[in-house]
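As a plain string of letters, each chain reads:
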Amino acid sequence: MGLLSVAVFVLLWTSCCYGKSTRVALLVASVSELKGYQQNDVRCANFDITVCTEECFLGFQRDAKGCIVSCQCKASGLFDGDIIMTAEEARTHFDPNFRAASRKLKRWNNIKGTGGTFVIPYTLHRSVRQNMHKTRIILSALRNFEEKTCLRFRSRSKEIDHIEFTNGNKCASNYGRVGGKQEIYIGNGCDKEQGTIMHEIMHALGFFHEHSRPDRDRYVKIQLENVLLGDRFNFNKLSGRVIDSMGSPYDYQSVMHYGGYSFSKNEQPTIIDRRSNTPAVAQRKGFSSEDIKQINSMYKCRNYRFNWYYK
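Not measured: the values here are computed from a predicted model. (Residues numbered from 1 in each chain as written. Predicted model: local features only at pLDDT ≥ 70, side-chain atom pairs only at ≥ 80, totals over all residues. Heavy atoms only, no water.)

1. As for the overall build of the protein
Inference 1: From N to C terminus, the protein includes six helices and 14 strands.
Inference 2: With 311 residues in all, the protein has 56% of them scored as buried.
Inference 3: Sequence separation of at least 24 residues holds for 65% of the intrachain contacts in the protein that already meet a minimum separation of 6.
Inference 4: On the protein, roughly 14,300 Å² of surface is accessible, and the fraction owed to carbon and sulfur atoms is 48%. (Helix = DSSP H or I, 4+ residues; strand = E, 2+ residues; numbered from the N terminus. Buried < 20%, exposed > 50% of the residue type's maximum accessible area, 1.4 Å probe, protein only. Contact = heavy atoms within 4.5 Å. Areas by Shrake-Rupley, 256 points an atom, 1.4 Å probe, with all protein chains shown as cover.)

Here it is in structure tokens:
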């Protein structure tokens, strides 16, 4: 099932994936590790990484090829591949040394509906409304949440916190409720299957990718040698000390699971299903039963008629 995180370590937006900083409790790469990756990539030989001394929440500035070009930290980026985040948001939520704000996940339980439901206001950007197919598949995805959980999506009136579905060149979403208008990008190609849209909505609800679970290595094998250097951060594993999977078993059928060839640089598999020793198969048709269990558990849908999905 999609990984629920009450608090998580920040994944660095760099080509390095598995290094740990001993200076702060964050999953970040050291400068020496970055140097090794930079020197091993002939495309990135023009910049001397040894002059950089700072470690960044979302990584160093990079060019279009993914090469580090500056010691300046990225101000924003895509956390774990498709989660929109600024460096300040990352620090506010995940740095244990930052005392100015709570790191607790903000859920969409601020507006109560009837019968134990929660209302999530949303709008469709004009670029979406003008696309009949995209409009239909977004509304279909929202109906799936309403049919199987206690969440109710309603057209925004004057609510401050709300979701806007918009077009763009990516499939991406914020993590949790960030306050004010937050966009879910449904770019070209993201509307082929409603499960892709459901995947991005689940990020907004507070879920991470299945392959990031702390116990994932018992169920899948990550083959980093087949992953582009600039994409290896997408395969970081989150710590069990800060992750609450709520007793849900590893779910190969989750709408939050990556496919076996995700981010492959050579058409070779990147995620191997240990049960069959074959590439993992992602599905974007809709929820698995474990997806539904965890949404209802997270939002405490105890009085909802579909609470038989979990015990």
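2. Details of the packing of aromatic side chains
Inference 1: By the definition in use, this model includes eleven aromatic pairs.
Inference 2: Between Tyr122 and Phe165 the ring centres are 6.2 Å apart and the planes differ by 75°, which places this aromatic pair in the edge-to-face class. In this pair, Tyr122 sits in strand 6 (residues 118-124) while Phe165 sits in strand 8 (residues 162-166), placing the two residues 43 residues apart along the sequence.
Inference 3: For Tyr122, a relative accessible area of 11% puts it in the buried group.
Inference 4: Given the relative accessible area of 0%, Phe165 is considered buried.
Inference 5: Ring plane angle 85° and centroid distance 6.0 Å describe the contact between Phe235 and Phe263, whose orientation is recorded as edge-to-face. Residue Phe235 is found in the loop between strand 12 (220-222) and strand 13 (271-273), and its partner Phe263 is found in the loop between strand 12 and strand 13; the two are separated by 28 residues along the sequence.
Inference 6: Since its relative accessible area comes to 0%, Phe235 is described here as buried.
Inference 7: Residue Phe263 is classed as partly exposed on the basis of its relative accessible area of 28%. (Phe/Tyr/Trp six-rings, centres within 6.5 Å; stacked < 30°, edge-to-face > 60°.)

3. Quick look at the nonpolar core
Inference 1: Counting residues in hydrophobic clusters, the biggest one holds 40 residues, and the most contacted among them are Phe145, Phe165, Ile201, Leu205 and Tyr299.
Inference 2: No other element matches the six residues that helix 5 (residues 194-205) contributes to this core.
Inference 3: The residues contacting Ile201, other than those within four sequence positions of it, are Ala141, Leu142, Phe145, Phe153, Phe165 and Ile184.
Inference 4: Membership of the second largest hydrophobic core comes to ten residues, among which are Leu224, Phe235, Tyr252 and Ile271. (Core = buried A, V, L, I, M, F, W, Y, C linked by side-chain atoms within 4.5 Å.)

4. Some thoughts on the state of the cysteines
Inference 1: Enumeration over the complete set of coordinates arrives at two disulfides.
Inference 2: Two residues, Cys150 and Cys301, share a disulfide whose sulfurs are 2.0 Å apart. Residues Cys150 and Cys301 are joined by a disulfide whose S-S torsion is about -55°; by sign, that bridge is left-handed. Here Cys150, found in the loop between helix 4 (132-148) and strand 7 (151-155), pairs with Cys301, found in the segment after helix 6 (289-298); they are 151 residues apart in sequence, far enough to count as distant.
Inference 3: A relative accessible area of 0% means that Cys150 is categorised as buried.
Inference 4: What pairs with Cys171 in a disulfide is Cys190, and their sulfur atoms sit 1.8 Å apart. Residues Cys171 and Cys190 are joined through a disulfide that is left-handed, its torsion about the S-S bond being -95°. Taken together, the residues Cys171 in strand 9 (residues 171-174) and Cys190 in the loop between strand 10 (181-186) and helix 5 connect sequence positions 19 residues apart.
Inference 5: For Cys190, a relative accessible area of 4% translates into the label buried. (Disulfide = S-S within 2.5 Å.)

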